[in-house]
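# Per-entry structural report
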Amino acid sequence: MKILFLEDDPVIGNIVLDFLSEFYTVQHCFNSEDALAAAESMSFDLYIFDINVPGQTGLELLQSLREFNDTTPAIFITAYQELKYLSEGFKVGANDFIRKPFELEELQARVENIKRQYNIDESIVIDENCLFNEETHELIKEGESMSISAKESAVLAYLIKNKNRVVSSDELLQNLWSFDEMPGQDTIRTYIKGLRSFIGKEHIINIRGSGYRFE
């Protein structure tokens, strides 16, 4: 599940980010301008917006997104107690509210409720017989489950997100590893070999001298 999280308070933001990142893929923005750019450049399963943030308010941001037919479910976080904000939030398309201060487990319960309501599936369909769950690092093929490492999962997810584009080993290394832990290209070849053996060579094409392409 991919969440776009808008919160300008660095303390609250980091606490919530650390907690949610244990269960979901989360992108944290500190202002509405960056959040809007993120929403326009990639897809998310859920928005969690604080109302009182720099630039557009969270309410105004969601209204702008809804005007462009963005139906991504949204939860508002707010310190406001007045009912008018609750009313305005639902008018612009909010699905739920949570008031500060709140327990992290309560926020997760609300996220899971949205997940159930919208039937948000964590699995990526590779083909009719094979599924991939990026968050649990699991491949399922014809009923057989295989756990892969977090880095193997990241490599496969990156290739899937760049479907039909040739991705070089250098690109994978630069995007998925920090400089001080970057392995050699042999590591990429080992990961690709293992992934191809399970999901099928027809899905990860080796483009000699250039890289790999997911199809």
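Scroll up for the structure.
Summary of the structure given here. (Residues numbered from 1 in each chain as written. Predicted model: local features only at pLDDT ≥ 70, side-chain atom pairs only at ≥ 80, totals over all residues. Heavy atoms only, no water.)

Strands sit in the order E2-E1-E3-E4-E5 across an open sheet of five strands; the sheet is parallel. Lying at the two open borders of the sheet, with one neighbouring strand each, are strand E2 (25–29) and strand E5 (96–99). When strand polarity is set aside, the average angle formed by the axes of neighbouring strands in this sheet is 20°. Against the sheet, helix H2 (residues 32–41) touches strand E1 (2–6), E2 and strand E3 (46–50), its axis set at about 160° to E1. The strands touched by helix H4 (residues 83–91) within the sheet are strand E4 (74–78) and E5, with E5 carrying the most contacts at an inclination of about 150°. (Pairing = 2+ DSSP bridges. Helix = DSSP H or I, 4+ residues; strand = E, 2+ residues; numbered from the N terminus. Axes fitted to C-alpha atoms, helices over the stretch in contact; angles between N-to-C directions. Contact = heavy atoms within 4.5 Å.)

In spatial order, the strands read E6-E7-E8-E9; together these four strands make up an open sheet with antiparallel pairing. Edge positions in the open sheet fall to strand E6 (123–127) and strand E9 (144–147), since each of these has one partner strand only. For this sheet, the mean angle separating the axes of adjacent strands, direction not counted, is 20°. Pairing between strand E7 (residues 130–133) and strand E8 (residues 138–141): four bridges, direction antiparallel. In the sheet register, Phe-132 faces E8, and the bridge partner there is Leu-139.

Below, the discussion takes up helix H1 (residues 10–20). For H1, the complete set of buried residues consists of Gly-13, Val-16, Leu-17, Phe-19 and Leu-20. The arc that holds every buried residue of H1, seen down its axis, measures 165°, which confines them to one face. When the buried face of H1 is taken as reference, the exposed residues oriented beyond 90 degrees from it are Val-11 and Asp-18. Looking at the packing, one finds that the buried side of H1 touches E1, E2, E3 and helix H5 (104–117). The N-capping residue of H1, defined by a side-chain oxygen 2.9 Å from the backbone nitrogen of Val-11, is Asp-9. (Buried < 20%, exposed > 50% of the residue type's maximum accessible area, 1.4 Å probe, protein only. Arc of directions from axis to C-beta. Polar contact = N/O pair within 3.5 Å; in protein donor to acceptor, adjacent residues only side chain to side chain.)

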